[in-house]
Amino acid sequence: MDPPKVKSVRLRGVEISPPLWLAPMAGITHTAFRRLLLEEGWAGCLSTEMLSARRLKSESARSSPFLKRHPSEKPLSYQIVAWEPEHAAGAAKWLTAIGADVIDLNFGCPAPAVRRMGGGSKLMENLEDSARILQSARGATNLPLTAKTRLGETLDEGKLRDFCQMLEDVGIDMIAVHARLRGEPYGRRPRWEWIGKVKEWVKVPVVGNGGIFTPEDARECLRVSGCDGLMIGRGAAVKPWLGREIAREVFGLETEDRAVDLPALYRRFARLLEESFTSERRLGRLKEFTHYFAMNYPFGHTLASKVQVAESFEEAVSRAEEFFAKALGGIV
């Protein structure tokens, strides 16, 4: 069976075409990375890193490293994690005022620190708390409001169905499903068929997430799940051009089919970091990106380790250049 021929998803007044979303990733999905994706032909909806609803009002929309945004970054979804209704409402109202295109609520983060506060995947265990948070956010904005979730603690159809139907009933506009249980590692094959179950239970668009690293993966996820769109996380960090390939090969858009010069792409990312962040905020972000980007090389662990031990941004870039000079190829 061929994957569904979905060309776009409309969320209130925002059209996502093709129906391709960037997954929020801590230390990765900042403005420099998003601009790199756009330069590499990304088509679809971009995302911020996960933002604390409680702390948002103390951040500067212009200078905060978590909120900086280039005019080209549209549409952009701002993901918030909240465990108290008043913070969810305040964040939704504030993000609406600063020009967010979409607001995403995190119901899937498995990080212990987030769960201890009662947020992320912990909220899947309490429908009442989740509903109150969602109601508060929904009442504070007319923007598209989406939710990102996982399959839960265990494979329990009843609990997952009740949770997703609650999201729809309270006013969510789209559900993105990371097709793994809370405790499952990324190395475990995602359960795309469970995304299909969610698709059967709700009428709002359902987006599949997890384990998509190639256009073939994207087609298979759509085929198995019947979902309305795809969300790409680590695959985009490894291959920033992946969105262009999926847009062309899976969704049929006319995008440029060009070779990728890996060293040149890395250098461009470093320059975007310099343009976007103060000196003390560049090194950590370069190290995060290199962890994934190095997977393009047979001996990429050498690149990752060399950059990881660098004590300055300039040293990290120099170490990467040394690796590129010795590496074979570099064009994919």
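Before reading on, note that the structure itself is shown above.
Please read all numbers here as calculations on a predicted model, not as lab measurements.

A. Summary view of the overall build of the chain. Each helix and strand in the chain was counted, giving 13 helices and 10 strands. Residue burial in the chain is summarised as follows: out of 332 residues, 56% are buried. Carbon and sulfur atoms form 49% of the exposed surface of the chain, whose accessible area is close to 14100 Å². Looking at the chain, you have 48 positive and 43 negative side-chain charges, and the mean spots of the two groups are 2 Å apart.

B. Examining the environment of valine 309 more closely. Tracing the backbone through its elements, the reader meets valine 309 in the loop between helix 12 (300-308) and helix 13 (313-326). Judged by relative accessible area, which is 52%, valine 309 ranks as exposed. Residues valine 309 and lysine 287, 22 residues apart in the sequence, show an inter-C-alpha distance of 9.1 Å.

C. Fine view of the packing of aromatic side chains. Across all of its chains, the model carries 10 aromatic pairs by this definition. Ring geometry for tyrosine 266 and phenylalanine 293: centres 5.4 Å apart, planes at 40 degrees, overall tilted. Of the two residues, tyrosine 266 is situated in helix 10 (residues 262-276) and phenylalanine 293 in helix 11 (residues 283-293); the sequence distance between them amounts to 27 residues. Residue classification places tyrosine 266 among the buried positions, given a relative accessible area of 1%. Overall, phenylalanine 293 belongs to the buried group, its relative accessible area being 0%. Their ring planes at 90 degrees and their centres at 5.1 Å tell us that tyrosine 297 and phenylalanine 323 sit as a pair that is edge-to-face. In this pair, tyrosine 297 sits in the loop between helix 11 and helix 12 while phenylalanine 323 sits in helix 13, placing the two residues 26 residues apart along the sequence. Residue tyrosine 297 shares its accessibility class with phenylalanine 323, and that shared class is buried.

D. Representation of the packing of helix 11 against helix 13 in the model. With their axes 9 Å apart at the nearest point, helix 11 and helix 13 run at an angle of 25 degrees to one another. In terms of axis orientation, helix 11 runs roughly parallel to helix 13. As for the relative orientation of helix 11 and helix 13, their crossing is left-handed in sense. Residue-level inspection shows Leu283, Leu286 and Phe293 of helix 11 in contact with helix 13, the latter providing Phe313, Ala316, Val317 and Phe324.

E. Just unusual backbone geometry, in detail. Of note, the bond from serine 17 into proline 18 is cis; its omega dihedral lies within 30 degrees of zero at -5 degrees. Secondary-structure assignment places proline 18 in the loop between strand 2 (14-16) and strand 3 (20-22). The omega torsion across lysine 74 and proline 75 is -15 degrees, close enough to zero to call that bond cis. Structurally, proline 75 is set in the loop between strand 4 (46-52) and strand 5 (76-81). If you check the backbone angles, arginine 12 has positive phi at about 55 degrees while not being a glycine. Secondary-structure assignment places arginine 12 in the loop between strand 1 (9-11) and strand 2.

F. Structural detail: the packing of helix 10 against helix 11. It is at 11 Å that the axes of helix 10 and helix 11 come closest, and there the two elements cross at 160 degrees. The pairing of helix 10 with helix 11 is recorded here as roughly antiparallel in orientation. You can see that helix 10 and helix 11 cross each other, and the crossing is right-handed. Residues Leu262, Leu265, Tyr266, Phe269 and Leu273 of helix 10 form the contact with helix 11, whose participating residues are Arg285, Leu286, Phe289, Thr290 and Phe293. A class-by-class count of the residues in the contact of helix 10 with helix 11 yields 8 nonpolar, 1 polar and 1 charged.

G. Structural detail: the pattern of salt bridges. Across all of its chains, the model carries 27 salt bridges by this definition. Across the pair glutamate 39 and arginine 268 runs a salt bridge whose closest N-O atoms are separated by 2.7 Å. Of this pair, glutamate 39 sits in helix 1 (residues 31-39) while arginine 268 sits in helix 10, placing them 229 residues apart in sequence. Exposure remark for arginine 268: the relative accessible area of 21% places this residue in the partly exposed category.

H. Spotlight on the nonpolar core. Phe33, Ile80, Leu167, Leu230, Ile246 and Phe293 are the most contacted members of the largest nonpolar core, which has 95 residues in total. Sorting elements by how many residues they give to this core places helix 10 first, with 7 residues. The contacts of phenylalanine 293, once residues within four sequence positions are left out, are Ala237, Val238, Leu262, Leu265, Tyr266, Leu303 and Phe324. Leu11, Ala23, Met174 and Met231 belong to the second-largest nonpolar core, a separate cluster that totals 12 residues.

I. Examining the side chain of arginine 191 more closely. Looking at where arginine 191 falls in the secondary structure, it is placed in the loop between strand 8 (174-178) and helix 6 (192-201). Every residue in contact with arginine 191, bar those within four places of it in the chain, is listed here: Leu151, Leu155, Ala179, Leu181 and Glu184.

J. Layout of helix 5 (residues 157-170). The terminal C-alpha atoms of helix 5, which comprises 14 residues, lie 20 Å apart, in line with the 20 Å expected from a rise of 1.5 Å per residue. Within the span of helix 5, buried status applies to Leu160, Phe163, Cys164, Met166, Leu167, Glu168 and Val170. Looking at the buried residues of helix 5, the elements they touch are strand 6 (102-107), helix 4 (127-140), strand 7 (145-149), strand 8 and helix 6. Backbone nitrogen of glycine 158 and a side-chain oxygen of the N-cap are separated by 3.1 Å at the start of helix 5; the cap is aspartate 156. Where helix 5 terminates, the next one or two residues include glycine 171, which has phi positive at roughly 130 degrees.

Definitions and cut-offs
- Residues numbered from 1 in each chain as written.
- Predicted model: local features only at pLDDT ≥ 70, side-chain atom pairs only at ≥ 80, totals over all residues.
- Heavy atoms only, no water.
- Helix = DSSP H or I, 4+ residues; strand = E, 2+ residues; numbered from the N terminus.
- Buried < 20%, exposed > 50% of the residue type's maximum accessible area, 1.4 Å probe, protein only.
- Areas by Shrake-Rupley, 256 points an atom, 1.4 Å probe, with all protein chains shown as cover.
- Lys, Arg positive; Asp, Glu negative; His and termini not counted.
- Charge placed at Lys NZ, Arg CZ, Asp CG, Glu CD.
- Phe/Tyr/Trp six-rings, centres within 6.5 Å; stacked < 30°, edge-to-face > 60°.
- Axes fitted to C-alpha atoms, helices over the stretch in contact; angles between N-to-C directions.
- Parallel < 35°, antiparallel > 145°, perpendicular 65-115°, else oblique.
- Left-handed = near helix turned anticlockwise from the far one by under 90°.
- Contact = heavy atoms within 4.5 Å.
- Nonpolar A, V, L, I, M, F, W, Y, C, P; charged D, E, K, R; others polar.
- Salt bridge = Lys/Arg side-chain N within 4 Å of Asp/Glu carboxyl O.
- Core = buried A, V, L, I, M, F, W, Y, C linked by side-chain atoms within 4.5 Å.
- Expected span 1.5 Å × (residues − 1).
- Polar contact = N/O pair within 3.5 Å; in protein donor to acceptor, adjacent residues only side chain to side chain.

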